[in-house]
Amino acid sequence: MLNSEKIGNEFYQNLGKLFYAVAMADNNVRPIEIKRLRKYVRQHWLDMDEIEDEFHTDAAYQIEIVFDWLNGEEKDGGEYFKEFKEFYKEHPEKFTEPIKKLVVETAESIAKSFAGKNRSEMLAIFKLKQLFNH
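Residues numbered from 1 in each chain as written. Predicted model: local features only at pLDDT ≥ 70, side-chain atom pairs only at ≥ 80, totals over all residues. Heavy atoms only, no water.

- As annotated in an unreviewed UniProt entry, the chain is TerB family tellurite resistance protein from Flagellimonas halotolerans.

**Details of the overall build of the chain**
In step 1: Of the regular secondary structure elements, the chain holds six helices and zero strands.
In step 2: Taken from the N to the C terminus, the helices and strands of the chain come in the order α-α-α-α-α-α.
In step 3: Each of the 134 residues in the chain was classed as buried or not, and the buried ones make up 47%.
In step 4: In the chain, once contacts between residues fewer than 6 apart in sequence are set aside, the share between residues at least 24 apart is 78%. (Helix = DSSP H or I, 4+ residues; strand = E, 2+ residues; numbered from the N terminus. Buried < 20%, exposed > 50% of the residue type's maximum accessible area, 1.4 Å probe, protein only. Contact = heavy atoms within 4.5 Å.)

**Topic: helix α5 (residues 97–112)**
In step 1: The end-to-end C-alpha distance of α5 is 22 Å, a good match for the 22 Å that 16 residues give at a rise of 1.5 Å each.
In step 2: Turning to α5, its buried residues number three or more, namely Ile-99, Lys-100, Leu-102, Val-103, Val-104, Thr-106, Ala-107, Glu-108, Ser-109, Ile-110 and Ala-111. (Expected span 1.5 Å × (residues − 1).)

**Structural notes on the pattern of salt bridges**
In step 1: Overall, the coordinates contain seven salt bridges when judged by the stated rule.
In step 2: For the salt bridge of Lys-100 with Glu-97, the shortest nitrogen-to-oxygen distance reads 3.3 Å. Of this pair, Lys-100 and Glu-97 are both found in helix α5, three residues apart, which corresponds to roughly one turn of the helix.
In step 3: Judged by its relative accessible area of 57%, Glu-97 falls in the exposed class.
In step 4: Here Lys-129 ties to Glu-108 by a salt bridge, and the two come within 2.9 Å at their closest N and O atoms. Here the residue Lys-129 occupies a position in helix α6 (residues 119–133), and Glu-108 occupies one in helix α5, the gap between them amounting to 21 residues.
In step 5: Residue class for Lys-129 comes out partly exposed when judged on its relative accessible area of 34%.
In step 6: Here the residues in one salt-bridge network are Arg-38, Arg-42, Glu-64 and Asp-68, joined through shared partners. (Salt bridge = Lys/Arg side-chain N within 4 Å of Asp/Glu carboxyl O.)

**A closer look at the packing of aromatic side chains**
In step 1: Evaluated as defined, the whole model comprises 13 aromatic pairs.
In step 2: Measuring from centroid to centroid gives 6.4 Å for Phe-84 and Phe-132, while their planes differ by 65 degrees, and the two rings are edge-to-face. Of this pair, Phe-84 sits in helix α4 (residues 78–90) while Phe-132 sits in helix α6, and the two are 48 residues apart along the sequence.
In step 3: Relative accessible area serves as the criterion here: at 7%, Phe-132 is assigned to the buried category.
In step 4: Ring-pair connections join several aromatic residues into one group, and the members of that group are Phe-11, Tyr-12, Phe-19, Trp-45, Phe-84, Phe-87, Tyr-88, Phe-95 and Phe-132.
In step 5: Over the ring of Phe-81 we find Lys-127, and its NZ or CZ is 4.9 Å from the ring centre. (Phe/Tyr/Trp six-rings, centres within 6.5 Å; stacked < 30°, edge-to-face > 60°. Lys NZ or Arg CZ within 6 Å of the ring centre and 35° of its normal.)

**Quick notes on a positive patch on the surface**
In step 1: A cluster of like positive charges, contributed by Lys-82, Lys-85, Lys-89 and Lys-127, occupies part of the molecular surface.
In step 2: The leading source of residues in the positive patch is α4, at three residues.
In step 3: With respect to the helices and strands, the residue Lys-82 is situated in helix α4. (Patch = residues over 30% accessible without salt bridge, like charges linked within 9 Å, V, L, I, M, F, W, Y side chains within 5 Å. Areas by Shrake-Rupley, 256 points an atom, 1.4 Å probe, with all protein chains shown as cover. Lys, Arg positive; Asp, Glu negative; His and termini not counted. Charge placed at Lys NZ, Arg CZ, Asp CG, Glu CD.)

**Topic: the packing of α5 against α6**
In step 1: Interaxial distance between α5 and α6 falls to 10 Å at its minimum, and their mutual angle equals 175 degrees. On the basis of their axis angle, the class for α5 and α6 is roughly antiparallel. Residue-level contacts link Lys-100, Val-103, Val-104, Ala-107, Glu-108 and Ala-111 of α5 to Glu-121, Ile-125, Leu-128, Lys-129 and Phe-132 of α6.
In step 2: Partitioning the contact of α5 with α6 into residue classes produces seven nonpolar, no polar and four charged. (Axes fitted to C-alpha atoms, helices over the stretch in contact; angles between N-to-C directions. Parallel < 35°, antiparallel > 145°, perpendicular 65-115°, else oblique. Nonpolar A, V, L, I, M, F, W, Y, C, P; charged D, E, K, R; others polar.)

And the structure:
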């Protein structure tokens, strides 16, 4: 695997961590949030680039794979937001303005999918926007 493909896979894996952190901000990932994530992956993220994982499938599916794995483990989302933040700081070139916009849009869509955004989810999205604006 080429280094650029490795970073591309890590990019999508870290997005999975971020979206899990947003969904888990209120300590509960709901089925509608998972459904919304899958919808965004299929409608927006699959067309983002041509990067494939080691199984020759679109690397964007790594978002779902990581999200599902973390959800199965029922881990606290705060740690995964920190991991996303570290990846972002190490690879800012991966986050163009259109990518940042789609990341925020996806996170907001997940947060709004169940009875609107609650305070915890709003705070997670605020932290994300703050990270992207610095």
